[in-house]
Amino acid sequence: MSETVITLDHVSASERDRTLVEDISFAVYRGEAVALVGSNASGKGLVLRLCAGLEAPASGTVRVLDADPARATEEQLLALRQRVGFVFAQPALISNMTVFNNIALPLRYHTVFPETEIRERVLARLTECGVDAFRDRMPADLTLGDARQAALARAMVMDPDILCVDEVLLGLDADELVRLRKILERYRRAGRPTIVATVNAPTSLLRVMDRLVLLRDGRLVATCPPAEAPLVDDPMVQDFFESQ
Amino acid sequence: MIARTGRKTVEGLEFAAAVLDLGLRAFRELFSPARRGRGEVFGVITRQILFTGVDALPVVGAIALMLGLIIIIQAGTTLPQVGAGAFLAKIIELTVVRELGPLLTAFIVIWRSGTAICTELGNMQVGQEIAALDAMGISLIRFLVMPRVAGVIVAMICLTIYFDFIAIVGGFLVAKVHLTIPIQVYLEEIEEALSAADILVTVIKSVLFGFTIAVICCHHGLSVVGATTEVPQQTTRAMLNTVTACLFLDIIVSVGFYL
């Protein structure tokens, strides 16, 4: 079995004084693509942020790339976050920067690459995500789907070890969904990182995944390959896949 | 009543501790030798100086000119009537350089830049931009707070000196229509009345006001949790708290230097 990059061990977590995740344990291995699947109130967004080390658990242990985010110093956290790319449900592009500058920001901040190399890397990512035509536009001028693709390009530009995508389907039309599936497939073929994404509806994108982590009301229902998921003996899971 | 007073006191102390902590972290970052994001941070500092300093020159100039005119006309016409015409320069030095220059400049900076800083950071919180920066491993203190603090301090020093100059010279030139005193004599008297301590106090006040404005407004902007309705609420609080803090600091510095 390959190396573990994310481990959640009996983790419970809360948000705004409400416990949203209870006693969850699972591991994600290097190079694996995992979808956190569940309805809107299943706590998958919080689980994803725990996986990225952006939240500390109320109890239990989280380890991300051999680090414990709850006990890490600020410097260690900053170093960890350079190795984890995160796409929020909202695109969260910096509103007073062009799309190009948004994607160049982590490179300009963390590296000492010359501007020519930064430009090359940013343009490669923009082209890969299909938003190179919008590079000089401001985020407010983009559709939600394009802004999310730009946010994906920004998360990928540092070549992270782990790529986390929240609400992967949000704002995508049918064409954009196909484009995203191709991006993720290409990304995986290139031997790139572990992918963890949250999904709240049945989609062809699940076929790209190695494993699904099925969640309901903040609890783990099952983990299984996509093909076996509809067979899981749980009414929520069966309803979920029947709605396809 | 006692419980309410106690609660308010605790809230006040918590606020002061949080602002002080943010200020100290920004101050440490200002002198940090770390190379991380130096170019980007320098860009933010430059934009802040441009917005707070350069863009404010017309409004600061206009207010300084009007204030200078009012004080010079009042003092220049009243003082000779009581046989104290020779104190015109001293009155100007006392009111403009020591007190009104730094204080009114601070108020203008609060109204223009303090509100802008608070609103910008608040909206960034709502749009998850702050969370995105954090997720990218970009230090919020280094990228957002410290450049604003440095930019506002530099702009405050320059604007206060500009305010004093316009109020003293510009005000006199406009008031010249009514006054008989020659400009050469007036400027010599001003030069005589001004001491090194006055200039030092002006600079100290500018630095303290700039630091206070930027840190308090950043604190309130970053305190927005998630709703857009919180942005104007935090901005109002930021205005009230910065004005109070600046007046409080002004009293402390004036008492410390002149009593």
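Not measured: the values here are computed from a predicted model.

Novice: A description of the layout of surface pockets should follow, citing residues and the corresponding values.
Specialist: Taken as a whole, the largest pocket holds about 1,200 Å³ of empty space. Considering the residues around the largest pocket, the lining is formed by 38 residues, among which E15(A), R16(A), R49(A), E55(A) and Q128(B) are closest to the centre. Among the elements of the structure, β1 (4-15), β2 (18-29) and α1 (44-51) of chain A together with α4 (88-126) and α5 (129-135) of chain B are those that each provide at least two residues to the lining of the largest pocket. At five residues, β2(A) tops the list of elements feeding residues into the lining of the largest pocket. In the lining of the largest pocket, the residues fall into 14 nonpolar, twelve polar and twelve charged. Here the second largest pocket defines a volume of roughly 560 Å³. F15(B), A16(B), V19(B), I216(B) and A245(B) are the residues nearest the centre of the second largest pocket, which is lined by 20 residues in total.

Novice: Could you give me a rundown of unusual backbone geometry, with the residues and numbers involved?
Specialist: Excluding glycine, residues mostly have negative phi values, and the peptide bonds linking residues are mostly trans. The phi dihedral of E167(A) falls on the positive side, at around 45°, and the residue is not glycine. Note that E167(A) resides in the loop between β6 (162-165) and α6 (174-189).

Novice: Explain the sheet that holds β1(A) to me, and be specific about the residues and the numbers.
Specialist: All names here are of chain A. With antiparallel pairing, three strands are arranged side by side in an open sheet as β2-β1-β4. Two strands bound the open sheet, and with one partner strand each, they are β2 and β4 (59-64). Direction aside, the axes of adjacent strands within the sheet are offset by 20° on average. As paired elements, β1 and β4 share five bridges and run antiparallel to each other. Paired with I6 across the two strands is V64, which belongs to β4.

Novice: Requested: an account of helix α1 (residues 2-30) of chain B, with residues and values cited.
Specialist: All names here are of chain B. Compared with an ideal rise of 1.5 Å per residue, which puts 29 residues at 42 Å, α1 spans 42 Å between its outermost C-alpha atoms and is within 8% of the ideal. Of all the residues in α1, the buried ones are V19, L22, G23, A26 and E29. Close packing links the buried residues of α1 with α6 (140-175) and α8 (196-222).

Novice: A description of the packing of α4(B) against α8(B) should follow, citing residues and the corresponding values.
Specialist: Two packed helices can be described by the angle between their axes and the distance between those axes. Residue and element names in this part refer to chain B. Contact geometry for α4 and α8: axes closest at 8 Å, N-to-C directions at 20°. As the angle between them shows, α4 and α8 are arranged roughly parallel. Here α4 runs over α8; the crossing is right-handed. Looking at the contact of α4 with α8 residue by residue, the classes come out as 14 nonpolar, six polar and five charged.

Novice: So, the nonpolar core: which residues are in play, and what are the values?
Specialist: With 72 residues, the main nonpolar core has L105(A), I92(B), L133(B), F143(B), I168(B) and Y186(B) as its most contacted residues. Those residues in contact with L105(A), other than ones at most four positions away along the chain, are I94(A), M97(A), E40(B), L133(B), M136(B), I138(B) and F143(B).

Cut-off values and rules
- Residues numbered from 1 in each chain as written.
- Chains lettered and ligands numbered in written order.
- Predicted model: local features only at pLDDT ≥ 70, side-chain atom pairs only at ≥ 80, totals over all residues.
- Heavy atoms only, no water.
- 1 Å grid on protein atoms, 1.4 Å probe; cavity = no way out; pocket = protein on both sides within 12 Å on 5 of 7 lines; lining within 4 Å.
- Points joined across faces, edges and corners; volume = space filled by probe spheres on them.
- Helix = DSSP H or I, 4+ residues; strand = E, 2+ residues; numbered from the N terminus.
- Nonpolar A, V, L, I, M, F, W, Y, C, P; charged D, E, K, R; others polar.
- Pairing = 2+ DSSP bridges.
- Axes fitted to C-alpha atoms, helices over the stretch in contact; angles between N-to-C directions.
- Expected span 1.5 Å × (residues − 1).
- Buried < 20%, exposed > 50% of the residue type's maximum accessible area, 1.4 Å probe, protein only.
- Contact = heavy atoms within 4.5 Å.
- Parallel < 35°, antiparallel > 145°, perpendicular 65-115°, else oblique.
- Left-handed = near helix turned anticlockwise from the far one by under 90°.
- Core = buried A, V, L, I, M, F, W, Y, C linked by side-chain atoms within 4.5 Å.

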